[in-house]
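Here is how the chains run, residue by residue.
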Amino acid sequence: MNTKNNKVKREFLFTQNDFLFIKELVYNVSGIHLSEVKQDMVYSRLAKRLRALNFKSFKEYCQYLESNFDKEVGNTINSITTNLTHFFREVHHFDTIKNTIVPELVRTQPRGKRIRIWSAGCSTGEEPYSTAMSLVDSIPNISQWDVEILATDLDTNVVEHCKAGVYEKRRIEPIDERNVKRWFKPIEGKRERVIIDDELKKYITFKHLNLMDKWSFAGPFDIIFCRNVVIYFDKPTQQKLFARYHEMLAPGGYLFLGHSEQLGAYQKYFDVLGKTTFRKK
Ligand SMILES: C[S@@+](CC[C@H](N)C(=O)[O-])C[C@H]1O[C@@H](n2cnc3c(N)ncnc32)[C@H](O)[C@@H]1O
């Protein structure tokens, strides 16, 4: 409904101060930078939460959030994150794994038959599961290898989704038929959904992790995926994160970014190997 001054009448009062409060809190907790143009997005993402808590305005929600910070902040963050992803998204990275990285690791075995990959900001799991399928397809005698994919995300809801490994059938369309038959099982009573086989899940460890926090695991990783994540951060936050990834990568390790992301000043520490594919010098 339009009011006289042509603004859409909203269910909840949402002032500039409310937006600034949420913007600062989200940035401090997650590094996610919400520019002014994200006001409508913040409103629509959090409106559901206000309804659930029976609030009449964002002011009430902000006050509640302030005094129940530990209890509520996870819900705020889960509402704000953008989790768009799909299987074999930006497929050239999976081709690079199969055609370049795995053959080289198999040939040189720099740390024995061991491969470590980190999917940082893995969303609902399509990225790490696509990675696992690519490894199984390309490592000969994979059972003799020590393979681990660490898959982490800030949003606790998506981490649970990853662990369950349940997907709507339409989401597995980008996967070739052989891999669909091999790794996706029907679910009794749920014809529109399929579940990932435990044999594929076993390669992946899923964890809730805020990239802004201390990382409680040691590298080195052969590959780090951080795709379509830093796009939500400002430049100083991106540069700090790239420095930490550089430290976590094995010499000659690979960093994959999303299609619109750049290393900026940090590029000098990497060789550029084609589209958003970087190799530690
Ligand atoms: C658009 S998805 C990208 C998923 C996948 N990497 C891809 O490219 O398809 C971005 C993900 O980054 C996560 N994210 C955002 N800020 C984060 C942070 N501070 N720590 C960890 N994950 C974060 C979000 O929760 C979201 O699931």
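These figures come from a predicted structure and were not determined experimentally.

Draft legend 1. Broad picture of the overall build of the chain. Secondary structure assignment for the chain yields 10 helices and 10 strands. The principal-axis extents of the C-alpha atoms in the chain amount to approximately 70 × 50 × 35 Å. Out of the 281 residues belonging to the chain, those deemed buried represent 49%. Here the analysis covers contacts within the chain between residues at least 6 apart in sequence; of these, 71% occur between residues at least 24 apart. Surface summary for the chain: the accessible area is close to 14700 Å², and the carbon and sulfur share equals 51%. Within the chain, one finds 44 positive and 35 negative side-chain charges whose respective centroids are separated by 1 Å.

Draft legend 2. The arrangement of the pairing of strand β4 (residues 184-187) in detail. Sheet topology places β4 next to strand β5 (residues 190-196); four bridges connect them, and they run antiparallel. Among the inter-strand pairings, Phe184 is bridged to a residue of β5, identified as Ile196. Adjacent in sequence and paired antiparallel, β4 and β5 are bridged by two residues, among which Gly189 carries a positive phi angle near 80 degrees.

Draft legend 3. Molecular detail of the domain arrangement of the chain. We note that the domain assignment places domain 1 (16-80) and domain 2 (92-280) within the chain. Look at where the C-alpha atoms of domain 1 and domain 2 centre, and you get two points 30 Å apart. The partner domain 2 presents 10 residues to the eight residues of domain 1 that form the contact. In total, domain 1 and domain 2 occlude about 770 Å² of area from one another, counting both sides; carbon and sulfur atoms represent 48% of this. Run the count over domain 1 and domain 2 and you get zero salt bridges. In this assembly, domain 1 and domain 2 are joined by five residue pairs in polar contact (both at pLDDT 80 or more). Listed by contribution, the elements that provide at least two residues to the side of domain 1 that touches domain 2 are α1 (16-30) and α4 (69-80).

Draft legend 4. Here's a closer look at the sheet that holds strand β2 (residues 146-153). The sheet built from seven strands is open, its strands ordered β6-β2-β1-β7-β8-β10-β9 with mixed pairing. Strand pairing shows two members of the sheet lacking a second neighbour, β6 (204-208) and β9 (270-272), which therefore form its edges. Shown here is a sheet whose adjacent strand axes are inclined to one another by a mean of 20 degrees, direction ignored. Relative to β2, strand β1 (residues 114-120) is paired through seven bridges, and the arrangement is parallel.

Draft legend 5. Quick look at the site of the ligand. Not every one of the 22 residues close to the ligand is listed here, only the nearest: Thr85, Arg89, Gly121, Asp153 and Asn228. Asn83 places a side-chain nitrogen or oxygen 2.9 Å from an oxygen atom of the ligand. Between a nitrogen atom of the ligand and a side-chain N or O atom of Glu127, the distance comes to 2.9 Å. Relative to its unbound accessible surface of 610 Å², the ligand loses 99% to contact with the protein. Taken together, the residues that form the shell around the ligand break down as eight nonpolar, nine polar and five charged.

Criteria and cut-off values
Residues numbered from 1 in each chain as written. Predicted model: local features only at pLDDT ≥ 70, side-chain atom pairs only at ≥ 80, totals over all residues. Heavy atoms only, no water. Helix = DSSP H or I, 4+ residues; strand = E, 2+ residues; numbered from the N terminus. Buried < 20%, exposed > 50% of the residue type's maximum accessible area, 1.4 Å probe, protein only. Contact = heavy atoms within 4.5 Å. Areas by Shrake-Rupley, 256 points an atom, 1.4 Å probe, with all protein chains shown as cover. Lys, Arg positive; Asp, Glu negative; His and termini not counted. Charge placed at Lys NZ, Arg CZ, Asp CG, Glu CD. Pairing = 2+ DSSP bridges. Domains from an automatic or database assignment. Buried area = accessible area lost by both parts, 1.4 Å probe. Salt bridge = Lys/Arg side-chain N within 4 Å of Asp/Glu carboxyl O. Polar contact = N/O pair within 3.5 Å; in protein donor to acceptor, adjacent residues only side chain to side chain. Axes fitted to C-alpha atoms, helices over the stretch in contact; angles between N-to-C directions. Near = heavy atom within 4 Å. Nonpolar A, V, L, I, M, F, W, Y, C, P; charged D, E, K, R; others polar.

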